[in-house]
Amino acid sequence: MSMAEYKGKVKNIQDTPFGYTVSVIGGKWKMVIIYLLAENQPVRFNDLKRQIGAITYKTLSSHLKELEADGLVNRKEYPQVPPKVEYSLTDKAETLLPVLEQLCEWGEKNKS
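Residues numbered from 1 in each chain as written. Predicted model: local features only at pLDDT ≥ 70, side-chain atom pairs only at ≥ 80, totals over all residues. Heavy atoms only, no water.

Draft legend 1. Focus on the pairing of strand β2 (residues 73-78). Sheet analysis places β2 next to strand β3 (residues 84-89), joined by 6 bridges and oriented antiparallel. If you follow Tyr 78 over to β3, its bridge partner there is Lys 84. Linkage of β2 to β3, two consecutive antiparallel strands, is achieved through a turn of 5 residues. (Pairing = 2+ DSSP bridges. Helix = DSSP H or I, 4+ residues; strand = E, 2+ residues; numbered from the N terminus.)

Draft legend 2. Seen up close, the pattern of salt bridges. This model, assessed by the stated rule, comprises 4 salt bridges. Residues Glu 66 and Lys 30 are paired through a salt bridge, measuring 2.7 Å at the closest nitrogen-oxygen approach. Here Glu 66 is found in helix α4 (residues 57-69), whereas its partner Lys 30 is found in helix α2 (residues 30-40), with 36 residues between them in sequence. Given a relative accessible area of 34%, Glu 66 falls into the partly exposed group. Across the salt bridge formed by Lys 84 and Glu 86, the nearest N and O atoms sit 3.8 Å from each other. By relative accessible area, which is 15% here, Glu 86 ends up buried. (Salt bridge = Lys/Arg side-chain N within 4 Å of Asp/Glu carboxyl O. Buried < 20%, exposed > 50% of the residue type's maximum accessible area, 1.4 Å probe, protein only.)

Draft legend 3. Representation of unusual backbone geometry within the structure. The linkage connecting Gln 41 with the following residue, Pro 42, adopts the cis geometry, with an omega of -5°. Secondary-structure assignment places Pro 42 in the loop between α2 and β1 (43-44). Pro 82 follows Val 81 through a cis peptide bond whose omega is -5°. Mapping Pro 82 onto the fold places it in the loop between β2 and β3.

Draft legend 4. Spotlight on the sheet that holds β1. Overall, antiparallel pairing links the 3 strands, which are arranged β1-β3-β2 in an open sheet. Both edges of this open sheet fall to β1 and β2, since each of them pairs with a single strand only. One ladder, built from 2 bridges, connects β1 with β3; its direction is antiparallel. Its bridge partner lying in β3, Arg 44 is registered against Glu 86.

Draft legend 5. Summary view of α4. If you check α4, its first and last C-alpha atoms are 18 Å apart, about what 13 residues at 1.5 Å a residue would give, namely 18 Å. For α4, every residue scored as buried is listed here: Leu 60, His 63, Leu 64 and Leu 67. Projected down its long axis, α4 shows its buried positions confined to an angular sector of 100°, all on one face. Those residues of α4 that are exposed and angled more than 90 degrees off the buried face are Lys 58, Lys 65 and Ala 69. Those residues of α4 that are buried lie in contact with α1 (17-25), α2, α3 (45-52), β2 and β3. After α4 finishes, the residue Gly 71 shows a positive phi value of roughly 80°. (Expected span 1.5 Å × (residues − 1). Arc of directions from axis to C-beta. Contact = heavy atoms within 4.5 Å.)

Draft legend 6. Fine view of the packing of aromatic side chains. The final tally for this structure, using the stated rule, is 1 aromatic pair. A centroid spacing of 6.0 Å and a plane angle of 20° characterise the contact between Phe 45 and Tyr 57, whose relative ring orientation is stacked. Pair noted here: Phe 45 is in helix α3 and Tyr 57 is in helix α4, with a separation of 12 residues, a long-range link. A cation over an aromatic ring shows up here: Lys 49 above the ring of Tyr 57, its NZ or CZ 5.1 Å from the ring centre. (Phe/Tyr/Trp six-rings, centres within 6.5 Å; stacked < 30°, edge-to-face > 60°. Lys NZ or Arg CZ within 6 Å of the ring centre and 35° of its normal.)

Shown next, in the form of structure tokens:
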């Protein structure tokens, strides 16, 4: 469905495909996490933290858990000491990559 099909009919944004999408990838860091995983997967937690920089460990951990719960991120834990955990994108998340690519193109065309 397109945005035009909802024009004048939206009572609650969460009831639209757009609302669902924003609930899954919205926020300050989720698209950044998806972008970095697409570029470098699989990625260990600390490497991801290092690449992002300004994010706290708690926030990164929380967002990764949410992305995993939404079926966008795979978490693979290796039984060793010290613990080793790697994150990668699911097939579902891979379908978002063309959208991220379009956002990158928009940014390239419109940045000053």
